[in-house]
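Structural characterization, general
Here's the letter readout for the chains.
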Amino acid sequence: MGVEGTMEYISDFLKKRKRKKKKQLQTVALRVARIDCEGCERKIKHILSGVKGVKSVDVDVKLQKVTVTGYIEPKKVLEAAKSTKKKVELWPYVPYTMVANPYISQAYDKKAPPNMVRKVPDTTSVNETTVDDSYTIMFSDENPNSCIIM
């Protein structure tokens, strides 16, 4: 087998060995409906602590918020939380200063914590304006037919 065969074997071995990417420390916030008592809180903590990579679980009963920190994936945490048979979703609220129009019907939520609104996608773009261009041209001074309309 010689030196060349040994070197090929070692190089092939090193190429085949896959390196696992280390997950980053993440914080996942969940909204869990109906956390009524200490038993519910304990149940949620117990189930979420069992997820691989979880470092800490904080439950805020007043806000119905669960914060999970660790080397985790949000989908796995969400699946584990749904196994509690409670309504679970990712934390939908952001500070109202982060939303362009915090008083539109999609953003405003009576159940939101103080100074928070629902996170809604920004629907306005650069191309959209409040006044349609055809109306602007219709009543423009440069338009020779504008006096007919007026």
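Parameters at a glance
Residues numbered from 1 in each chain as written. Predicted model: local features only at pLDDT ≥ 70, side-chain atom pairs only at ≥ 80, totals over all residues. Heavy atoms only, no water. Helix = DSSP H or I, 4+ residues; strand = E, 2+ residues; numbered from the N terminus. Contact = heavy atoms within 4.5 Å. Phe/Tyr/Trp six-rings, centres within 6.5 Å; stacked < 30°, edge-to-face > 60°. Buried < 20%, exposed > 50% of the residue type's maximum accessible area, 1.4 Å probe, protein only. Lys NZ or Arg CZ within 6 Å of the ring centre and 35° of its normal. pLDDT = per-residue confidence, 0-100. Salt bridge = Lys/Arg side-chain N within 4 Å of Asp/Glu carboxyl O. Arc of directions from axis to C-beta. Core = buried A, V, L, I, M, F, W, Y, C linked by side-chain atoms within 4.5 Å. Expected span 1.5 Å × (residues − 1).

Here's the deal with the environment of G70
Note that G70 resides in strand β3 (residues 65-70). In sequence terms G70 and L25 are 45 residues apart; their C-alpha atoms lie 5.2 Å from each other. Excluding anything up to four places from it in sequence, G70 contacts Q24, L25, Q26, G53, V54 and K55.

With respect to unusual backbone geometry
With a phi angle near 60°, Q64 is a residue other than glycine that sits in the positive phi range. Take Q64: it is sitting in the loop between β2 (54-60) and β3. The backbone of N115 shows a phi angle near 60°, a positive value even though the residue is not glycine. Within the secondary structure, N115 is located in the loop between β5 (93-95) and β6 (116-118).

Considering the packing of aromatic side chains
Given two aromatic rings, their pairing is described by the distance between the two centres and the angle made by the two planes. Considering all chains together, one arrives at one aromatic pair under this definition. When the centroid spacing of 5.2 Å and the interplanar angle of 80° are considered together, the rings of W91 and Y93 count as edge-to-face. By the burial criterion, W91 is buried, and Y93 matches it. The positively charged end of K65 is found above the aromatic ring belonging to W91, 4.7 Å away from the centroid.

What to know about the confidence of the model for the protein chain
Per-residue confidence for the protein chain gives a mean pLDDT of 81, with 78% of residues at or over 70. At the low end of the mean pLDDT range in the protein chain sits helix α5 (residues 146-149), at 60; at the high end sits β3, at 96. Under a pLDDT of 50 for its full length, residues 125-129 has, in the predicted model, one contact with residues more than four places off or in other chains.

Observations regarding the pattern of salt bridges
Counting across every chain of the model gives three salt bridges. Here R31 makes a salt bridge to E89, at a shortest N to O gap of 3.4 Å. Here R31, found in strand β1 (residues 26-32), pairs with E89, found in strand β4 (residues 88-90); they are 58 residues apart in sequence, far enough to count as distant. In this structure, R118 engages D109 in a salt bridge whose closest nitrogen and oxygen atoms are separated by 3.3 Å. Here D109 falls in the buried class, since its relative accessible area comes to 18%.

With respect to helix α3 (residues 74-82)
Here α3 has its buried residues at V77, L78, A80 and A81. Axial view of α3: buried residues confined to an arc of 165°, hence all on one face. Projecting away from the buried face of α3 at angles above 90 degrees are the exposed residues K75 and E79. Packing partners of the buried residues in α3 comprise β1, α2 (38-49), β3 and β4.

Things to note about the nonpolar core
Soluble globular proteins tend to pack their nonpolar side chains together in the buried interior. Core analysis: the biggest nonpolar cluster contains 19 residues, and L30, L48, V66 and V68 have the highest contact counts within it. Counting only elements with at least two residues in this core, the list comes to β1, α2, β2, β3 and α3. Ranked by residues supplied to this core, first place goes to α3 with four residues. Once you skip the residues sitting within four places of it in the chain, V66 turns out to touch V28, A29, L30, V32, I35, I44, L48, V57, D58 and V59.

Let's talk about α2
Over its twelve residues, α2 runs 16 Å from end to end, which matches the ideal 16 Å to within 8%, given 1.5 Å per residue. Those residues of α2 not exposed but buried are C40, I44 and L48. Take α2 and look down its axis: the buried residues cluster within an arc of 55°, on one side only. Those residues of α2 that are exposed and aimed more than 90 degrees away from the buried face are E38, R42 and H46. Packed against the buried residues of α2 are β1, β2, β3 and α3.

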